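Given next are the chains, with one letter for each unit.
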Amino acid sequence: MVDVILGLQWGDEGKGKIVDVLTPDYDVIARFQGGPNAGHTLEFEGKKFVLRSVPSGIFQDEKINVIGNGVVIDPVLFRSEAEDLQKSGQELFSRLKISKKAHLILPTHRLLDLAAESAKGEGKIGTTGKGIGPAYTDKTGRNGLRVGDILENFEEKYQNVIEKHKKLLAQYNFSYSLQQTEAAFFEAIEFIKQFELIDSEYFINQQLAAGKRILAEGAQGTMLDIDFGSYPFVTSSNTVCAGACTGLGVSPKQIGEVYGIFKAYCTRVGSGPFPTELFDADGDTMRTTGYEFGSVTGRPRRCGWIDLVALRYAIMINGVSALIMMKSDVLDEFTTIKACVAYEWNGKRIENLPFEINKNIKPIYKEIRGWSKNTDNISAEKDFPKEFSAYISFLEKELNVPIKMVSVGPDRAQTILR
Ligand code: GDP
Ligand code: IMO
Ligand code: MG
C-alpha cells in the first residue's frame, strides 16, 4: 500500500520531521508534488537539515527515495541541496531516483514568478519566488520540459521554450540577465544526469507488486491546494491526497493510511485569508516560542489559533485516517487556549468554509484551559498534564479522527505514539 502524509493547514506543519520518524516502517519514500518552495526540517542527534526537493527519508540506509512525476525540479537548487547532503555523508546516487516525467523549473520560470508578483503589487500572492507557478503553468499549457528531456537534444528544446518566455518577460517591465544563471543551469543539468532517471510510475507499481511499503510525502498543505485551498492565494499543485495518485502514478485503490498533520495552533506565510490570525501578544508568543520563520525564505510566519472549520474540511477532502498533532509544546505557557469551532458569516453561524474566505468571516472560539507546564521533555502519554490530555480529547471529538502521534519538540526523539 501507499500511505500518504500531508499537511492539513497552510504548510510547515512538520511533515519533514514526521516522514523521518515514520521512515523505518517503509521501503520507499516519495515526493509527489511541489518543488523547492517546500522546506522540510529534520532534527536528530544534534543535527538539523532543511530539505527542499529531496524526500525526507534520505537519512536512513537502505531506503529508496523517489522524486515523482508530479514534482517540479530546479536543477540548480537541487544540485546545491544534493551536494550539501553528500558533504554531510549521505550516499545519494544509490538512494535517490528521479522521475523522467518530473518537470524542470527553468531560470526564466523564476524570473516570470518574480515579474508576475511585482506586477500584482498589493494583490501579490507572496510566493516563494522559486518559479513554481510558471513551471506548472507550462506543464498544463503543454510547453514544459521534463527531466527525461535532458537526455537528448536538450539545448534545442530549451531554446524553444526560452524564446517563448522572453516574449512573456518583455510584457513586464522587468530587467534581467540570463547569462550567468544559464551557465549554472547547464552545469546542474549535467549533475542530474548522474542520478538514476526512471519511469517512476513503473518503479512504484513494481515495488507495490513486490509487497514493499511506500510513504508518499506531501509538500505545502491542503489550504494551499490549487483546487481546494484559499484560491488564488495557493500554490500551483494538488497538495491533497489525490495528488499522490497523479504525482506518482498509483491507483486510488492502493492508498492505505492517510496521515494528516496539523499544528496545535496555525500559521501561514505569504498573503491570503487566515480567519484565526492573531495580531496581538499571543501571536507574537507563538512566533517566538515556535520559531515561526519560513525555512525557505526566512519570512516571519503569520500565527493564529487552531481553525477546526478548515481542519474538518481538510480531513474530508483527504480522507484522513490518522491525525498527527505538532508543536503543542509551543502552547505550554498559555493559561487559556482558543479553538475556532465555527465562523460567524453575514450574521449567521456556519460550520463549512464559504466559497470566499474573506474579512466577513469572524471566528467563533471555544476557550480551553491551558496546561501551563513544560511538555517538551515528556516521552510517554501517561505523563501528559491532564489539561493537555483534555485538549487532545476535545480535538479528537471535534475532528472525529484519532490523534495517533503527538510531537512536543523538533527532535526526532520528541515524538509520542498513541
Ligand atoms: P514542514 O514544511 O511541514 O516539514 O515543516 P517546517 O520544517 O517548514 O516547519 C516546522 C518547524 O517546526 C521546523 O522548524 C521544525 O524543526 C519545527 N518542529 C517540528 N515539530 C515540532 C514540535 O513538535 N515542536 C516544536 N517546538 N518545533 C517543531
Ligand atoms: P512546506 O512543504 C508554507 C506558500 C507561499 C505562498 C503560496 C504560493 O514547507 O510546507 P509558491 O512559491 O508555491 O507559488 O507560493 O504558497 N507556500 C508555502 N507555505 N510552506 C510551504 O511548503 C509552502 N510552499 C509554498 O508562501 O503563500
Ligand atoms: Mg516547511
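Presented here is an overview of the structure given in this document. (Residues numbered from 1 in each chain as written. Chains lettered and ligands numbered in written order. Predicted model: local features only at pLDDT ≥ 70, side-chain atom pairs only at ≥ 80, totals over all residues. Heavy atoms only, no water.)

Broken down by element type, the protein carries eleven helices and 20 strands. Relative to its length of 418 residues, the protein is compact, with a C-alpha radius of gyration of 21 Å against a globular reference of 22 Å. Along the longest, intermediate and shortest principal axes, the C-alpha atoms of the protein span 65 × 50 × 40 Å. A buried classification covers 56% of the 418 residues belonging to the protein. (Helix = DSSP H or I, 4+ residues; strand = E, 2+ residues; numbered from the N terminus. Rg over C-alpha atoms; globule rule 2.2 N^0.38 Å. Buried < 20%, exposed > 50% of the residue type's maximum accessible area, 1.4 Å probe, protein only.)

As a further point, take the site of ligand 2. Lining the immediate surroundings of ligand 2 are 21 residues, of which Asp-12, Lys-15, His-40, Thr-128 and Thr-235 lie closest. Asn-37 places a side-chain nitrogen or oxygen 2.8 Å from an oxygen atom of ligand 2. Contact between ligand 2 and Gly-126: an oxygen atom at 3.4 Å from a main-chain N or O atom of the residue. Protein coverage of the free-state accessible area of ligand 2, which is 560 Å², stands at 97%. Residues belonging to the shell around ligand 2 are distributed by class as follows: eight nonpolar, ten polar and three charged. (Near = heavy atom within 4 Å. Polar contact = N/O pair within 3.5 Å; in protein donor to acceptor, adjacent residues only side chain to side chain. Areas by Shrake-Rupley, 256 points an atom, 1.4 Å probe, with all protein chains shown as cover. Nonpolar A, V, L, I, M, F, W, Y, C, P; charged D, E, K, R; others polar.)

On to the site of ligand 1, then. The full set close to ligand 1 counts 20 residues, and Gly-14, Lys-15, Thr-41, Asp-329 and Ser-407 are the nearest of them. Ser-295 places a side-chain nitrogen or oxygen 2.9 Å from an oxygen atom of ligand 1. In isolation ligand 1 offers 590 Å² of accessible surface; the protein chains occlude 93% of this area. Elements represented by at least two residues in the shell around ligand 1 include exactly α1 (15–22) and β3 (40–44).

Moving on, we come to the environment of Leu-85. Topologically, Leu-85 is positioned in helix α2 (residues 75–87). Residue classification places Leu-85 among the buried positions, given a relative accessible area of 2%. Expressed as a C-alpha distance, the spacing of Leu-85 and Tyr-202, which sit 117 residues apart in the sequence, is 27 Å. In contact with Leu-85, other than residues within four places in its own chain, are Phe-49, Leu-51, Val-54, Ile-58, Phe-59, Gln-90 and Leu-92. (Contact = heavy atoms within 4.5 Å.)

Those protein atoms acting as donors to the magnesium ion (ligand 3) are Asp-12 (OD) and Gly-39 (O), and they sit at 2.1 to 2.2 Å. Residue Asp-12 is found in the loop between β1 (2–7) and α1, and its partner Gly-39 is found in the loop between β2 (28–31) and β3; the two are separated by 27 residues along the sequence. Residue classification places Asp-12 among the partly exposed residues on the basis of a relative accessible area of 23%. Judged by relative accessible area, which is 11%, Gly-39 ranks as buried. (Donors = N, O, S within 2.8 Å, 3.2 Å for Na, K, Ca; no water.)

Under the defined criterion, the tally for this structure stands at 20 aromatic pairs. A ring pair is formed by Phe-49 and Phe-59, whose centres lie 4.4 Å apart and whose planes are at 40°; its orientation type is tilted. Here Phe-49, found in strand β4 (residues 47–51), pairs with Phe-59, found in the loop between β4 and β5 (64–67); they are ten residues apart in sequence, far enough to count as distant. Residues Phe-49 and Phe-59 agree in their burial class; the two are buried. Members of the aromatic cluster, connected to one another through ring pairs, are Phe-78, Phe-93, Phe-191 and Phe-195. Of note, Arg-213 hangs over the ring of Tyr-26, and the distance from its end group to the ring centre comes to 4.6 Å. Of note, Lys-338 hangs over the ring of Tyr-365, and the distance from its end group to the ring centre comes to 5.6 Å. (Phe/Tyr/Trp six-rings, centres within 6.5 Å; stacked < 30°, edge-to-face > 60°. Lys NZ or Arg CZ within 6 Å of the ring centre and 35° of its normal.)

Right, let's get into the pairing of β3. Residues of β3 alternate between two faces, with His-40, Leu-42 and Phe-44 buried on one and Thr-41 and Glu-43 left unburied on the opposite face. In the sheet, β3 pairs with β4 via five bridges, with the strands oriented antiparallel. Directly across from Leu-42, in β4, lies its bridge partner Phe-49. (Pairing = 2+ DSSP bridges.)

To continue, consider the sheet that holds strand β10 (residues 214–217). Strand order in this open sheet of ten strands is β9-β7-β5-β2-β10-β1-β11-β15-β19-β20, and the pairing throughout is mixed. The open sheet is flanked by β9 (196–198) and β20 (415–417), the only strands paired with a single partner. Within this sheet the neighbouring strands show an average axis-to-axis angle of 25°, counted without direction. (Axes fitted to C-alpha atoms, helices over the stretch in contact; angles between N-to-C directions.)

What follows is about the environment of Ser-80. Position of Ser-80 among the secondary structure elements: in helix α2. Here the alpha-carbon distance between Ser-80 and Ala-188, two residues 108 residues apart in the chain, equals 8.8 Å.

Here we come to helix α7 (residues 200–209). For α7, the full list of buried residues reads Ser-200, Glu-201, Phe-203, Ile-204, Gln-207 and Leu-208. All buried residues of α7 lie within an arc of 165° about the axis, which places them on one face of the element. Of the residues in α7, the exposed ones pointing more than 90 degrees away from the buried face are Tyr-202, Gln-206 and Ala-209. Directly beyond the C-terminal end of α7, a positive phi value near 85° is found at Gly-211. (Arc of directions from axis to C-beta.)

The values reported here are purely geometric and, on their own, carry no functional implication.
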